[in-house]
2 protein chains.
Amino acid sequence: MKKGKLFVFSGPSGVGKGTIVKRILDETDVQFSVSMTTRKPREGEVNGESYFFVSHEEFQKTVDEGGFLEYAEVYGNRYGTPKKQAEERMEAGIDVLLDIDIQGAANVKKVCPDGVFIFILPPSIEELKHRIIGRGSETEESLRIRLGSVADELNHARDYDYCVVNGNLDEAVQTVKAIINAEHAKFSENFLIELLNKEDV
Amino acid sequence: MKKGKLFVFSGPSGVGKGTIVKRILDETDVQFSVSMTTRKPREGEVNGESYFFVSHEEFQKTVDEGGFLEYAEVYGNRYGTPKKQAEERMEAGIDVLLDIDIQGAANVKKVCPDGVFIFILPPSIEELKHRIIGRGSETEESLRIRLGSVADELNHARDYDYCVVNGNLDEAVQTVKAIINAEHAKFSENFLIELLNKEDV
């Protein structure tokens, strides 16, 4: 049985990563790894689907039990990827998708170097700033922080295997699907052994 | 300007590589690198399109001039990839496709380690033997040689970046297109620099 792969998505706020991820989950067999977080739910977010929303105490308990693939703090909130869920799915041949920030992705890379790391880029920095301002979900202070860190965030793209530009949504989704398809076509020793042993040669 | 990539295709005789390559050339912007060979044209093969068909003397002259990216001898015939044509196209941002045997691909890998190496696999060894026999273009002796070397040839798949199984032709073509698309999404330092410098940040 071929193991599933881990696809890790990051990108700056406002780049449209959430929309791409939703399309991939709707249109492929890849399954979402639900993160645990201490941040408050935004409108429309459902517990157990978007995130597992937990208290600081519950989060720390999982940390103490070694139950996270990675965990990190961003803007005062804690985010973590439950280890067991992702590992069980991959063992069963299911691809797992993580949607995490740069800091979390860097930590996942240490424990899962075989993961496929995908960074979503804006078509331009100006366009990204417009989108962040247009979203209107930020306080003045957090808006200032986000706008100021845009170039820094984009520089992290070099730690990723792939960069997908989200200029046209359909094209970006097609490219992500191509990456998933291509990653499954990467040479696999197991596959070759299976082919050679299938029949008497 | 982004440089073009080199996509190198190999696979055992009878696997249907030629059909896949033709579809890719018809349906994408990838351009074929026409090889030079001393073997006799098969029915329907056009000089300058399928191959440059040359004499042993002409071939040796190009060898002496250092004009090949690689060259090799297979079943008594010589095959070579003209260097200049491929390099000029890649400099101009055009992807180049090489359709060469395992020996030639190994030599290209030495001089073009950034090339993308794709091996076409049959769905099973039995199926491949059926296809080789069915093609009926072999002498009894060459048929014996080809059938005997099938398992050996498949073992070379491990030297390639990707393995595409040609069970269903449309699926195989889609997978190759996905590989081309994904390779273009691989992280590129130049692209990031361009994005960061495009505007005042």
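The following paragraphs examine the structure supplied in this document. Because the structure is predicted, anything quoted here is derived from the model rather than measured. (Residues numbered from 1 in each chain as written. Chains lettered and ligands numbered in written order. Predicted model: local features only at pLDDT ≥ 70, side-chain atom pairs only at ≥ 80, totals over all residues. Heavy atoms only, no water.)

**Looking at the environment of Leu97 of chain A**
Residues and elements named next belong to chain A.
For step 1, the next point in the chain: Within the secondary structure, Leu97 is located in strand β7 (residues 96–99).
For step 2, the next point in the chain: Placed 45 residues apart in sequence, Leu97 and Phe52 show a C-alpha to C-alpha distance of 16 Å.
For step 3, the next point in the chain: Excluding anything up to four places from it in sequence, Leu97 contacts Phe7, Phe9, Val21, Ile24, Leu25, Val30, Gln31, Phe32 and Ser33. (Helix = DSSP H or I, 4+ residues; strand = E, 2+ residues; numbered from the N terminus. Contact = heavy atoms within 4.5 Å.)

**Considerations on the relation of the copies chain B and chain A**
For step 1, the next point in the chain: With an RMSD of 0.0 Å, chain B superimposes on chain A once it is rotated by 180° and translated 0.0 Å along the axis. In symmetry terms, the pair is related by a two-fold rotation axis. For chain B, the residue whose C-alpha comes nearest the rotation axis is Ala178 of chain B, separated from it by 2.1 Å.
For step 2, the next point in the chain: Here 100% of the contact residues of chain B are again contact residues in chain A; the copies associate through an equivalent surface. (Least-squares fit on C-alpha atoms with pLDDT ≥ 70 in both.)

**Focus: the environment of Val116 of chain A**
All names here are of chain A.
For step 1, the next point in the chain: Within the element layout of this structure, Val116 appears in strand β8 (residues 116–121).
For step 2, the next point in the chain: The class for Val116 is buried, based on a relative accessible area of 2%.
For step 3, the next point in the chain: Sequence separation between Val116 and Phe32 is 84 residues; the distance between their C-alpha atoms is 14 Å.
For step 4, the next point in the chain: Excluding residues within four positions of it along the chain, Val116 makes contact with Lys5, Leu6, Phe7, Val8, Asp161, Tyr162, Ile179 and Glu183. (Buried < 20%, exposed > 50% of the residue type's maximum accessible area, 1.4 Å probe, protein only.)

**Structural notes on the state of the cysteines**
Structurally, a disulfide amounts to a covalent bond that connects the sulfur atoms of two cysteines.
For step 1, the next point in the chain: Counted by the stated rule, this structure contains 0 disulfides over all chains.
For step 2, the next point in the chain: Cys163 of chain A takes part in no disulfide bond, and the closest cysteine sulfur to it belongs to Cys112 of chain A, at a distance of 20 Å. (Disulfide = S-S within 2.5 Å.)

**Concerning the sheet that holds strand β9 (residues 162–165) of chain B**
Residues and elements named next belong to chain B.
For step 1, the next point in the chain: Reading across from one edge, β2-β7-β1-β8-β9 is the order of the 5 strands in this open sheet, with parallel pairing throughout. Looking along the sheet, the strands with just one partner apiece sit at the ends: β2 (31–32) and β9.
For step 2, the next point in the chain: In this structure, β2 lies alongside strand β7 (residues 96–99), joined through 2 bridges in parallel fashion. Of the residues in β7, the one forming a bridge with Gln31 is Val96.
For step 3, the next point in the chain: Seen against the sheet, helix α3 (residues 83–91) touches β1 (6–10), β2 and β7 and runs at an angle of roughly 150° to β7.
For step 4, the next point in the chain: Strands in contact with helix α8 (residues 169–184) are β1, β8 (116–121) and β9; relative to β9, the strand with the most contacts, it is inclined by about 155°. (Pairing = 2+ DSSP bridges. Axes fitted to C-alpha atoms, helices over the stretch in contact; angles between N-to-C directions.)

**Here we look at helix α8 (residues 169–184) of chain A**
All names here are of chain A.
For step 1, the next point in the chain: Across its 16 residues, α8 extends 23 Å between first and last C-alpha, which sits within 8% of the 22 Å expected from 1.5 Å per residue.
For step 2, the next point in the chain: Buried within α8 we find Ala172, Val173, Thr175, Val176, Ala178, Ile179, Ile180, Ala182 and Glu183.
For step 3, the next point in the chain: At the N-terminal end of α8, a side-chain oxygen is found 3.0 Å from the backbone nitrogen of Asp170, two or three residues along, and the residue is Asn168. (Expected span 1.5 Å × (residues − 1). Polar contact = N/O pair within 3.5 Å; in protein donor to acceptor, adjacent residues only side chain to side chain.)

**Focus: the packing of α8 of chain A against α8 of chain B**
For step 1, the next point in the chain: Axis separation between α8 of chain A and α8 of chain B bottoms out at 8 Å; the angle between their running directions is 115°. Between α8 of chain A and α8 of chain B, the angle falls in the class roughly perpendicular. Viewed along their axes, α8 of chain A and α8 of chain B form a crossing whose handedness is left-handed. In this structure, α8 of chain A uses Gln174, Thr175, Ala178, Ile179, Asn181 and Ala182 of chain A to contact α8 of chain B, whose residues at the interface are Gln174, Thr175, Ala178, Ile179, Asn181 and Ala182 of chain B.
For step 2, the next point in the chain: Of the residues assigned to the contact of α8 of chain A with α8 of chain B, the class counts are 6 nonpolar, 6 polar and no charged. (Parallel < 35°, antiparallel > 145°, perpendicular 65-115°, else oblique. Left-handed = near helix turned anticlockwise from the far one by under 90°. Nonpolar A, V, L, I, M, F, W, Y, C, P; charged D, E, K, R; others polar.)

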